[in-house]
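Tertiary structure, described
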Amino acid sequence: MTGASWGGERLDLDAYLARVGYAGDRRPTLETLRALHAAHSDAIGFENIEIVLGRPIPLDLETLQAKMVRQRRGGYCYEQNLLYAAALERLGFRVSGLGARIRMGDDKVRPVTHALLKVELDGTDWITDVGFGGEALLAPLPLRDGVEDRQGPWTFGLVREKETEAWVLRSLHDDGWFDLYAFGTEQRFPVDYAVFNHYISTHPRSPFTGRIVVQKPGNGLRRTLVGRELIRTRPDWSREVREVAPEEIPALLDAEFGITLSAADAEALVATYGR
């Protein structure tokens, strides 16, 4: 579905592009798609802070702009990819939503809880996803079986599983291919993401309701903060791990992830972790 399905006409495009640091061509070309994906990924971190603070996660475009553009916060997959979809739509791309089942190296069947996007461009479908966190794509991938793409020092691939007919996004680790998530080509819409979002932001078994999860992909370094554990992963798969004190977290979020908290939110987060 194209047209106004992602709310692109309500997006403050200039403010969004300034937020992600993109000043390039605005025509809907593959070069623009690649550059915008990279710019968004570099500028806006993955975070679930509102959930940890016991707050709802609205997905209307005005709230997404207020949080991630004006307040310079981050967001998780629904927030980030809905904002990104509005920008792509506003720029003239043909965008549709997809849903994925997280794998992270496990073949257990999980519910559809992840949002990603598909862009149709010059007869080719491209997968683009700025909301997966630390091991996210740094550039779009063509939706083609067996494709492999080196993005900076990281390598990603797509395969079509014969037994499930699902597409599987993979990352090349030091010990071989690692399944990130599996997805189909059924279109998903903002109303679908609203349902998924309610589950993942409120269910006690959700990985995001009990502890902070903040992540940032990068060319030379992947950063992850889960609970109090800060992990920096380098392209050779060496890791630096340290425990973070609650009072360190607000400054660390700004320095490591580019996430700026208000004084009130910083105080609330430290208090939550001090319990």
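Each remark here, short or long, concerns the structure printed above.
Parameters and conventions
Residues numbered from 1 in each chain as written. Predicted model: local features only at pLDDT ≥ 70, side-chain atom pairs only at ≥ 80, totals over all residues. Heavy atoms only, no water. 1 Å grid on protein atoms, 1.4 Å probe; cavity = no way out; pocket = protein on both sides within 12 Å on 5 of 7 lines; lining within 4 Å. Points joined across faces, edges and corners; volume = space filled by probe spheres on them. Helix = DSSP H or I, 4+ residues; strand = E, 2+ residues; numbered from the N terminus. Salt bridge = Lys/Arg side-chain N within 4 Å of Asp/Glu carboxyl O. Buried < 20%, exposed > 50% of the residue type's maximum accessible area, 1.4 Å probe, protein only. Core = buried A, V, L, I, M, F, W, Y, C linked by side-chain atoms within 4.5 Å. Contact = heavy atoms within 4.5 Å.

Our focus in this paragraph is the layout of surface pockets. The probe, sized like a water molecule, is rolled over the atoms to show the empty space still left. Taken as a whole, the largest pocket spans an internal volume of roughly 1,000 Å³. If you go around the largest pocket, you meet 33 residues; those closest to its centre are I102, M104, P207, F208 and Q215. Listing elements by their share of the lining of the largest pocket, those giving two or more residues are α5 (77–90), β3 (112–121), α6 (190–202), β10 (213–216), β11 (222–226) and β12 (229–233). It is β11 that provides the largest number of residues to the lining of the largest pocket, a total of three residues.

Here we take up the pattern of salt bridges. Enumeration according to the criterion identifies 22 salt bridges in this entry. Residues E79 and K67 are paired through a salt bridge, measuring 2.8 Å at the closest nitrogen-oxygen approach. Placement of the pair is E79 in helix α5 and K67 in helix α4 (residues 61–70), with a sequence separation of twelve residues. A single burial state applies to E79 and to K67, both of which are buried. Overlapping salt bridges bring together E47, E50, R55, R73 and D265 as one network.

This brings us to the nonpolar core. Counting 45 residues, the largest nonpolar core has Y16, L36, Y78 and L88 as the members making the most contacts within it. Secondary-structure elements contributing two or more residues to this core are α1 (13–20), α2 (30–43), α4, α5, β3 and α6. Broken down by element, the residue count for this core peaks at nine residues, all from α5. Not counting chain neighbours up to four residues away, the residues in contact with Y16 comprise L11, L36, H40, V69, L83, Y84 and A87. Ranked by size, the runner-up nonpolar core spans 20 residues in total, among them A136, V147, F156 and Y181.

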